[in-house]
Amino acid sequence: MPGSNVTGGTSVPWTASLGRGSAAVAALVALLAAPLSATAAVSADTAALAPAAGTSELVVVVPLIAPAEAPTLLDAALLEEYTAPDGMLTERLDAVDGTGATLAIDPRILVSIRLLGSTVPDTAAAWLARLASLPNDSFLLRFADADVSGFAAVDALELAAPLSFQFAVDAARFNELPEPPAEATPDPSATSTAPPAPTETPAPEPALPPSDEQLLFWPHGIDGLEWPARGNLAGTGLAALDVAGTAAVLLDSASVDDAAASHLSIDGVSVLASNSDLDDLLEAVEIGPFSASGTTSREAFLAALDDRLATSVGPLIVTASRDENTGTTRLASLLDELERRADVDLVGISTAMQTAPSTGSLSTEPLGDAALRAFEELVSAEAAVSEFAEIVAEPEDFRADHRLDLLSTFTAGTVEDRVGITVAAGTAIENAESILAAVQIAEGSDLLILSNSTGLPVSVSNALDVAVTVTVSGRPLRPLLRLTGGPVEVTIGPGSSHTVYLPAEAVTNGQVSVLVQLRGAGGLPVGTDRVIQVDLQAQWETVGTIILIGLAVVFGAGIIHNILRRRLQARAADSAADDETSSDD
């Protein structure tokens, strides 16, 4: 995959990671065992085919991508839906199967299928096996079909590649043991009565979860081919891609100075150029049946195609829409017609790559100041998120997950203009800022302290879906209060809050502001510092004690008085009774 940062242990294909399962899963395992030399063999065979006399060569690039609104990693339910007999990915394969179309594959699909391990739907495993069996030229897009133009413009291509997929690996999906071998049936004709010698069957080793390299494994494609979103790549970006080792860049003819050339050398970089007008017309075929002139979109495309083929230098290149695989049925019908035409030879993009390039230059303007500022700000925001990740339980997993979200923000089908790419950068910055603000000291009301020794309550909230560990510290801004303990470390669970008490001692009465801060590993500031207003009334503790004692004395005296009064009344009653008895006598 272009620009991949992921690392794996070895280049050994993933041959035993799925365990037992259906025939489709077995086919998927066999697919992943394909030799790495397959790429060279496909390219060599394609290059050996010379165009027949009287035919024109045509390259049609068909994206194989998931919808832009789909989750970053596709779950089993979505993959089962997409790869069902009438699913969008199945229909896309149906459209190109039996044609010479070139496939531009989103590695998100490959990774998502492989991450399911032994739980992969049969339809998804069969779909991937079928994809690998096609002889068509193919190449991997950036993850989530992300556009690299803005990252290349600010020399930050490292942000346009995944870090790892290990955070999404469920080891339980890869430890299913194979079925034990069937026991041998005794031969009834055997004359020997001696029992067979005992043999030990070695226990099968558990399958290991796949490495990142194995999840991205695709030996059937063309390496190093980059396809930025239409119209976004400028000169500085092309130079950055060249430095990064890109083999070739697929642009559109509106981005180069020679609209008739399909293969150019621009500042030493191999550039393939699709015909912009035909790209638009082909998208119209996919979207609907009629063009602006009233003729069908198909008719308009075929008429323009004939004109361009007559003047094209080398194989003519046309690209299908990158907008959610729309209009696959109409695209399939068109490809079928082109395949049947005797005057058109539908060839792979490797054929265009091997033609002699003409010298040319880019005609696109550099990214505007607003876009450049947005991407420079995004680079800073992503660096801050990377630092912030140190407070979570698994920093590397957090960073890797966030990077995939970032790439999904720049899906090429949604940023095919300068406004779109700038808006996407703004969205990515907002996402980064929301992460940085997810762990905060909760705003609270002022505190009233009536004792000399107490604990200042500080509530810390965590809006992330992972636990975080931070330290809480405070500093009185006036010497009326003294914090008697150091910073307090606390772990807050995902989507929850926790109250920390900072030990404190009142020095005297009055009002004091206390600055409360959160810090991560190495003193990294987390969230926004808060100032808590504290009203110290420590003398009320002594006054309250005196009042309570006084009340106790008064209450006790009243009780004693009542007891004595009742005793006197009892004695008086007894005396009166005695007197009455004496008088009767």
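Rules of the game
- Residues numbered from 1 in each chain as written.
- Predicted model: local features only at pLDDT ≥ 70, side-chain atom pairs only at ≥ 80, totals over all residues.
- Heavy atoms only, no water.
- Helix = DSSP H or I, 4+ residues; strand = E, 2+ residues; numbered from the N terminus.
- Buried < 20%, exposed > 50% of the residue type's maximum accessible area, 1.4 Å probe, protein only.
- Contact = heavy atoms within 4.5 Å.
- Areas by Shrake-Rupley, 256 points an atom, 1.4 Å probe, with all protein chains shown as cover.
- Pairing = 2+ DSSP bridges.
- Axes fitted to C-alpha atoms, helices over the stretch in contact; angles between N-to-C directions.
- Core = buried A, V, L, I, M, F, W, Y, C linked by side-chain atoms within 4.5 Å.
- Polar contact = N/O pair within 3.5 Å; in protein donor to acceptor, adjacent residues only side chain to side chain.
- pLDDT = per-residue confidence, 0-100.
- Patch = residues over 30% accessible without salt bridge, like charges linked within 9 Å, V, L, I, M, F, W, Y side chains within 5 Å.
- Salt bridge = Lys/Arg side-chain N within 4 Å of Asp/Glu carboxyl O.
- Lys, Arg positive; Asp, Glu negative; His and termini not counted.
- Charge placed at Lys NZ, Arg CZ, Asp CG, Glu CD.

Draft legend 1. Quick peek at the overall build of the protein chain. Across its full length, the protein chain carries 17 helices and 19 strands. Out of the 585 residues belonging to the protein chain, those deemed buried represent 45%. For the protein chain, the proportion of contacts with a sequence separation of at least 24, taken over those separated by at least 6, is 78%. Carbon and sulfur atoms provide 55% of the accessible area of the protein chain, an area that totals close to 27600 Å².

Draft legend 2. Molecular detail of the pairing of strand 18 (residues 510–519). Burial within strand 18 is extensive, with seven of its ten residues counted as buried. Sheet topology places strand 14 (residues 468–476) next to strand 18; six bridges connect them, and they run antiparallel. Paired with Gly474 across the strands is Val516, a residue of strand 18. Where strand 18 lies against strand 19 (residues 525–536), nine bridges are found, and the strand directions are antiparallel. From the neighbouring strand, Val516 faces strand 19, where its bridge partner is Arg530.

Draft legend 3. The arrangement of the sheet that holds strand 10 (residues 358–359) in detail. Spatial ordering of the open sheet is given by 4-5-7-6-10, a layout of five strands whose pairing is mixed. Pairing within the sheet leaves two strands with one partner each, and these edge strands are strand 4 (225–226) and strand 10. Relative to strand 7 (residues 269–274), strand 5 (residues 248–252) runs parallel, the two sharing four bridges. For Asp252, the partnering residue across the bridge sits in strand 7 and is Ser274. Those strands touched by helix 9 (residues 235–243) are strand 4, strand 5, strand 6 (263–266) and strand 7, and its axis lies near 125° from that of strand 7.

Draft legend 4. Geometry of the nonpolar core. Ranked by internal contacts, the top residues of the largest apolar core, which has 48 residues, are Leu58, Trp127, Leu131, Leu282, Phe301 and Leu305. Top element by residues in this core is helix 6 (residues 122–133). It accounts for six residues. Every residue in contact with Trp127, bar those within four places of it in the chain, is listed here: Leu64, Thr83, Leu89, Thr90, Leu93, Ile109 and Ile113. Core analysis: the second largest hydrophobic core is formed by 46 residues, Ala160, Ala229, Val256 and Val271 among them.

Draft legend 5. Focus on the side chain of Thr246. Secondary-structure assignment places Thr246 in the loop between helix 9 and strand 5. A polar side-chain atom of Thr246 sits 2.9 Å from the main-chain carbonyl oxygen of Leu241. Not counting the four nearest positions on each side in its chain, Thr246 is found in contact with Gly224, Glu226 and Leu241.

Draft legend 6. Structural view of the environment of Leu316. Looking at where Leu316 falls in the secondary structure, it is placed in strand 8 (residues 316–319). Setting aside anything within four residues of it in sequence, one finds Leu316 in contact with Glu57, Leu58, Val59, Asn275, Leu278, Leu305, Arg308 and Leu309.

Draft legend 7. Layout of the confidence of the model for the protein chain. Per-residue confidence for the protein chain gives a mean pLDDT of 83; residues scoring 70 or more make up 76%. The model gives residues 33–49 a pLDDT under 50, and that stretch makes 25 contacts with residues more than four places away or in other chains. Confidence drops under a pLDDT of 50 for residues 190–195, and excluding neighbours within four residues, the segment shows zero contacts in the predicted structure.

Draft legend 8. Quick look at a negative patch on the surface. A contiguous patch of negative charge on the surface is contributed by Glu394, Asp397, Asp401, Asp405 and Asp465. By the element assignment, Asp397 lies in helix 15 (residues 395–409).

Draft legend 9. Main features of the environment of Ser253. Turning to its location among the elements, Ser253 is positioned in the loop between strand 5 and strand 6. With relative accessibility at 9%, the residue Ser253 sits in the buried group. Along the backbone, Ser253 and Ala273 are 20 residues apart, and their C-alpha atoms lie at a distance of 5.2 Å. Apart from residues no more than four positions distant in its own chain, Ser253 is found in contact with Ala259, Ala273, Ser274, Asn275 and Ser276.

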